[in-house]
Amino acid sequence: MTTDTDTASTETARTTLLVTVDSLRADRFDEMDRTRDYLEERHPRAFATSTATLGSFPAIVGGEYATGDGLGRATSVASEFDCRRIAITTNHLLSAEYGYADAFDSFTSPKGSGETLKDKGAIILERGTLAYDLASWGWNRYQAVRSRFGEIEKSFRPADDVIESFLAELEREDRDEWFGWLHFMEPHHPYDPDGASVGRAEAQRVSRRVLSGRGSADDEDLVRELYRREVAELDRKLARLWEAIPDETRVVFCADHGELLGEDGLWGHPGEMRPELLHVPFGTRNAPDLGEVVSLIDVPTILAGGEHGVGTLDREVAFAAYGEKKAAMNADNIATSEGIVRLSDGDPASDPALERQFDRFDPAYVVTEDALQEDLEDLGYA
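Predicted model only: the values in this text are computed from it and were never measured. (Residues numbered from 1 in each chain as written. Predicted model: local features only at pLDDT ≥ 70, side-chain atom pairs only at ≥ 80, totals over all residues. Heavy atoms only, no water.)

Asker: Hey, could you go over the sheet that holds strand β12 (residues 318-322) for me, with residue numbers and the actual values?
Answerer: Taken together, the four strands give an open sheet; going across it, the order is β12-β13-β14-β15, and neighbouring strands pair in antiparallel fashion. Of all the strands in the sheet, just β12 and β15 (339-342) have a single pairing partner and so form its edges. On average, adjacent strands in this sheet sit at an angle of 20° to one another, irrespective of strand direction. With two bridges joining them, strand β13 (residues 325-329) and strand β14 (residues 333-336) adopt antiparallel strand pairing. Looking across to β14, one finds that Ala 328 is bridged to Ala 335. Strands in contact with helix α11 (residues 352-360) are β12, β13, β14 and β15; relative to β13, the strand with the most contacts, it is inclined by about 145°. (Pairing = 2+ DSSP bridges. Helix = DSSP H or I, 4+ residues; strand = E, 2+ residues; numbered from the N terminus. Axes fitted to C-alpha atoms, helices over the stretch in contact; angles between N-to-C directions. Contact = heavy atoms within 4.5 Å.)

Below you can see the structure in the form of structure tokens.
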């Protein structure tokens, strides 16, 4: 539980960094040795507020539960920092269009400041027009030809590119104080790591095949291995970041949600209130002490060292919702509409206090996440 802390642990740090990872399972955090060694504290009972990006990031960045419209106006934790504020995101749903550029001095995302030829074209051309359809057809043909020669690009902007761009901006600005947010898409599907036993084009094809329910048992085994390699590859690349930033930097590291890898025949991150999706990896460095349970909605409060939104440093129960589905989690159990089970082994449990918390939690304000069709297409959902 949280104890009294000195002033230095709760005040705003001179340099502060939020690192978010898409679709990283809590049980795969054990494979990220470099990142785990860098972080001073690892919090084993941390929970997402939803099972999808649009439901989690209003909490991570704004300290508020999602309403389905992206980040709430004037809620960004970046506004708490009176210094240079830099963000680089790699997810189409974390763009200025969804409010995430608010309060940042420098903001880069796949929409509005694309890094690849495809992204730049999406900025210039209006989706749905003949010009866009022709350009899209040409891009897909170009990727198909390149795949024959093993030169197809990763599905999303790679982590090492994000890290080098961030460090270059810090060096260019030459500032002693800054707040940064970096979001990495590894290991979001389709899983296409470097050094896999198959080429990138085949990795993307088999990932999509398995996630659509059309894969063989061998395909499924390969996809699990591709996911593992994505996690290990990200950890190797993050080592460059950890070595480069000042030792005293306050750091929060977390995932927005987990990932299903075939449990009960499910893959990806559908809107199911399952521990594999809601239990997320979470670590801090130079941050305040925290309670037994952490919610992603507490991230802004941890970063700023003071209350932001509805976050807290001393939590006993975390809540999540997706549409009409909801969940409540404490250090031992998770409660859903199907009952209460232990987090450790999934067996049924009795926890009247958690059951009461679950019943009181009203997710009416957490609506089903709506996103532009083109963004869902770019992320492989449509």
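Asker: Report on the pairing of β12, specifying residues and quantitative values.
Answerer: Within β12, four of the five residues are buried, leaving the element largely enclosed by the surrounding structure. In terms of strand pairing, β12 meets β13 through five bridges, oriented antiparallel. Within β13, the position partnered with Ala 321 by the bridge is Lys 326. (Buried < 20%, exposed > 50% of the residue type's maximum accessible area, 1.4 Å probe, protein only.)

Asker: Which residues make up the packing of helix α6 (residues 159-173) against helix α8 (residues 217-244), and what values go with them?
Answerer: Where α6 meets α8, the axes come as close as 9 Å, and the angle between the chain directions of the two elements is 10°. In terms of axis orientation, α6 runs roughly parallel to α8. Judged by residue contacts, Ala 159, Asp 160, Ile 163, Glu 164, Phe 166 and Leu 167 of α6 engage Leu 234, Lys 237, Leu 238, Arg 240, Leu 241 and Ala 244 from α8. Residues of the contact of α6 with α8, tallied by class, amount to eight nonpolar, no polar and four charged. (Parallel < 35°, antiparallel > 145°, perpendicular 65-115°, else oblique. Nonpolar A, V, L, I, M, F, W, Y, C, P; charged D, E, K, R; others polar.)

Asker: Could you give an account of empty space enclosed by the protein, naming the residues involved and the relevant values?
Answerer: Tallied over the entire structure, the rule returns one cavity of 30 Å³ or more. Taken as a whole, the largest cavity holds about 60 Å³ of empty space. What lines the largest cavity is Lys 154, Ser 155, Phe 156, Arg 157, Pro 158, Met 185, Glu 186, His 188, Pro 190, Asp 192 and Glu 230. Of the residues assigned to the lining of the largest cavity, the class counts are four nonpolar, two polar and five charged. (1 Å grid on protein atoms, 1.4 Å probe; cavity = no way out; pocket = protein on both sides within 12 Å on 5 of 7 lines; lining within 4 Å. Points joined across faces, edges and corners; volume = space filled by probe spheres on them.)

Asker: Residue-level account of the layout of surface pockets, with values.
Answerer: By volume, the second largest pocket is sized at about 830 Å³. Lining the second largest pocket we find 34 residues, and of these Arg 274, Pro 275, Glu 276, Ile 334 and Leu 343 sit closest to its centre. For the lining of the second largest pocket, the secondary-structure elements that each account for two or more residues are α9 (275-278), β13, β14 and β15. The element best represented in the lining of the second largest pocket is β15, accounting for three residues.

Asker: So what about a negative patch on the surface? Which residues, and what values?
Answerer: A surface patch of negative charge is lined by Glu 292, Asp 314, Glu 316 and Asp 332. Topologically, Asp 332 is positioned in the loop between β13 and β14. (Patch = residues over 30% accessible without salt bridge, like charges linked within 9 Å, V, L, I, M, F, W, Y side chains within 5 Å. Areas by Shrake-Rupley, 256 points an atom, 1.4 Å probe, with all protein chains shown as cover. Salt bridge = Lys/Arg side-chain N within 4 Å of Asp/Glu carboxyl O. Lys, Arg positive; Asp, Glu negative; His and termini not counted. Charge placed at Lys NZ, Arg CZ, Asp CG, Glu CD.)

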